[in-house]
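Spelled out, the chains give:
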Amino acid sequence: MSDVVVEVTGLKKSFGTLEVLKGIDLQVNRGDVVCIIGPSGSGKSTLLRCVNLLEEPSGGKIVVDGAELTDPDVDIDKARTRIGMVFQSFNLFAHLNVLNNLTVAQRKVLKRSEKESQEVALRNLERVGLSDKVNAMPAQLSGGQQQRAAIARALSMDPDVMLFDEPTSALDPELVGDVLGVMRQLADEGMTMLVVTHEMQFAREVADRVLFMDAGYVVEEGPAAQVIGDPQHERTKSFLARVLDPTNQGPRD
Ligand SMILES: Nc1ncnc2c1ncn2[C@@H]1O[C@H](COP(=O)(O)OP(=O)(O)OP(=O)(O)O)[C@@H](O)[C@H]1O
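Because the structure is predicted, anything quoted here is derived from the model rather than measured.

Cut-off values and rules
Residues numbered from 1 in each chain as written. Predicted model: local features only at pLDDT ≥ 70, side-chain atom pairs only at ≥ 80, totals over all residues. Heavy atoms only, no water. Near = heavy atom within 4 Å. Polar contact = N/O pair within 3.5 Å; in protein donor to acceptor, adjacent residues only side chain to side chain. Areas by Shrake-Rupley, 256 points an atom, 1.4 Å probe, with all protein chains shown as cover. Helix = DSSP H or I, 4+ residues; strand = E, 2+ residues; numbered from the N terminus. Pairing = 2+ DSSP bridges. Core = buried A, V, L, I, M, F, W, Y, C linked by side-chain atoms within 4.5 Å. Buried < 20%, exposed > 50% of the residue type's maximum accessible area, 1.4 Å probe, protein only. Contact = heavy atoms within 4.5 Å. Axes fitted to C-alpha atoms, helices over the stretch in contact; angles between N-to-C directions. Parallel < 35°, antiparallel > 145°, perpendicular 65-115°, else oblique. Left-handed = near helix turned anticlockwise from the far one by under 90°. Lys, Arg positive; Asp, Glu negative; His and termini not counted. Salt bridge = Lys/Arg side-chain N within 4 Å of Asp/Glu carboxyl O. 1 Å grid on protein atoms, 1.4 Å probe; cavity = no way out; pocket = protein on both sides within 12 Å on 5 of 7 lines; lining within 4 Å. Points joined across faces, edges and corners; volume = space filled by probe spheres on them. Nonpolar A, V, L, I, M, F, W, Y, C, P; charged D, E, K, R; others polar. Phe/Tyr/Trp six-rings, centres within 6.5 Å; stacked < 30°, edge-to-face > 60°. Lys NZ or Arg CZ within 6 Å of the ring centre and 35° of its normal. Expected span 1.5 Å × (residues − 1).

### Considerations on the site of the ligand
Piece 1. Within the structure, the ligand sits among 13 residues, and Ser40, Gly41, Lys44, Ser45 and Thr46 are positioned closest to it.
Piece 2. In the environment of the ligand, an oxygen atom lies 3.0 Å from a nitrogen or oxygen atom belonging to the backbone of Gly43.
Piece 3. Between the ligand and Glu166 there is a distance of 3.2 Å, counted from an oxygen atom to a side-chain nitrogen or oxygen.
Piece 4. When isolated, the ligand has an accessible area of 630 Å², and the protein chains bury 62% of it.
Piece 5. Of all the elements in the fold, those that place two or more residues in the shell around the ligand are β2 (18–29) and α1 (44–51).

Below is the structure:
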């Protein structure tokens, strides 16, 4: 039986009267990359934010690495250390250099010593190709370097799963490739990843499974070759027709 890292069942989320997630089921197995695609406003970010409990679900169940996050008795802070998250932008603490960005949570949350947290940070900066930026301030880095540092920071907490919310959507086009390259490398290393993305080529090449979301539902899911290459649902087809051009570099939805 495969080892399930993230299991979401019947997840609902409303903001006031706006029902954003209408009953989402989702499973991510250890070592798998699951990509979520779909139109703007379909609830993709809200889903990730619920999985990380940055938003409180209105209903349903979320289990990460065996801990039921939606159980009021569970130690949420502890459970959340198992989840790394990289957002669209504004990931780094602006007042801390790169090294301290990577060590602060290790020391505070994981209670690692300064020496150990620095060793872990340096290892992860090397992993994302930023060994020469240890002492830089975030403002001195390009957007792509900042995102790679944010990935290294999340990795430094030894997460069981990494959540990515459109990590390249705020970047200049020439910086996108470096960040996607790091994500491909993590996938090759066997990292479990749940990725909201508009990068269809990345999803097609890297994802083990793709979910197409629309209006708060998972409309279609399956292997990338099926959902992106041969979609069955009309809504998936019309979304893909809008975002894909013949070279797979269509406009962002
Ligand atoms: N904190 C909030 N309060 C009220 N409404 C919200 C909040 N967060 C999200 N929403 C609404 O929920 C809906 C889904 O938003 P969400 O960001 O999850 O969509 P998305 O699929 O990630 O879109 P995009 O691709 O543009 O990022 C939108 O209508 C949005 O305005």
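### Comments concerning the pairing of β2
Piece 1. When strand β1 (residues 4–15) meets β2, the two strands line up antiparallel, connected through nine bridges. When the bridges of β2 are listed, Phe15 appears paired with Leu18.
Piece 2. In textbook terms, the turn of a hairpin is the stretch between consecutive antiparallel strands, and for β1 and β2 this stretch comprises two residues, one of which, Gly16, has a positive phi near 60 degrees.

### Looking at the nonpolar core
Piece 1. Among the nonpolar cores identified, the biggest contains 49 residues, and Ile151, Met162, Phe164, Met183, Met193 and Val210 are the most heavily contacted of them.
Piece 2. The leading source of residues in this core is helix α6 (residues 173–188), at eight residues.
Piece 3. Apart from residues lying up to four places away in sequence, Met183 is in contact with Ile151, Phe164, Pro167, Met193, Val195 and Phe202.
Piece 4. Ranked by size, the runner-up nonpolar core spans 29 residues in total, among them Ile36, Leu53, Val64 and Met213.

### Some remarks on the packing of helix α3 (residues 98–109) against helix α4 (residues 114–127)
Piece 1. Put simply, α3 and α4 touch, their axes get as near as 9 Å, and they point 125 degrees apart. It follows from the interaxial angle that α3 and α4 lie oblique. Note that α3 runs across α4; the crossing there is right-handed. Facing Val98, Leu99, Leu102, Thr103, Gln106 and Arg107 of α3, the residues of α4 in contact are Glu114, Glu116, Ser117, Gln118, Val120, Ala121, Leu122 and Leu125.

### Some words on the side chain of Arg153
Piece 1. Counting through the fold element by element, Arg153 comes out in helix α5 (residues 143–155).
Piece 2. For the buried Arg153, which has no salt bridge, the nearest side chain bearing the opposite charge is Asp158, at an N-O separation of 13 Å.

### Points about the layout of surface pockets
Piece 1. Space inside the largest pocket adds up to approximately 580 Å³.
Piece 2. The wall of the largest pocket is formed by 20 residues, among which Ile83, Met85, Ala105, Arg153 and Met157 lie closest to the centre.
Piece 3. If you list the elements that add at least two residues to the lining of the largest pocket, you get α2 (76–80), β6 (83–86), α3 and α5.
Piece 4. Among the elements that line the lining of the largest pocket, the one with the most residues is α3, at four residues.
Piece 5. Its residues assigned to classes, the lining of the largest pocket comprises 12 nonpolar, five polar and three charged.

### Some points on the packing of aromatic side chains
Piece 1. Enumeration according to the criterion identifies one aromatic pair in this entry.
Piece 2. Arranged with centres 5.3 Å apart and planes meeting at 40 degrees, the rings of Phe212 and Phe239 form a pair that is tilted. With Phe212 in strand β9 (residues 209–214) and Phe239 in helix α9 (residues 234–243), this pair connects stretches of sequence that are 27 residues apart.
Piece 3. Among the residues examined, Phe212 registers a relative accessible area of 0% and is labelled buried.
Piece 4. Stacked on the ring of Phe93, the Lys or Arg Arg153 has its end atom at 4.8 Å from the ring centre.

### Details of the pairing of strand β3 (residues 33–37)
Piece 1. Counting buried residues along β3, five of its five residues qualify, which places the element largely inside the surrounding structure.
Piece 2. By the alternation rule, side chains of β3 split into Val33, Cys35 and Ile37 and Val34 and Ile36, which are all buried.
Piece 3. The pairing of β3 with strand β8 (residues 193–196) spans four bridges and is parallel. The residue bridging Val33 from the neighbouring strand is Met193, located in β8.

### Quick notes on α5
Piece 1. Helix length check: α5, at 13 residues, gives a terminal C-alpha distance of 18 Å against a target of 18 Å (1.5 Å per residue), a fit within 8%.
Piece 2. Counting buried positions along α5 yields 11 of 13 residues, so the element is predominantly enclosed.
Piece 3. Every buried residue of α5 is listed here: Gly144, Gln145, Gln147, Arg148, Ala149, Ala150, Ile151, Ala152, Arg153, Ala154 and Leu155.
Piece 4. For α5, the elements touching its buried residues are β6, α3, α4, β7 (161–165) and α6.

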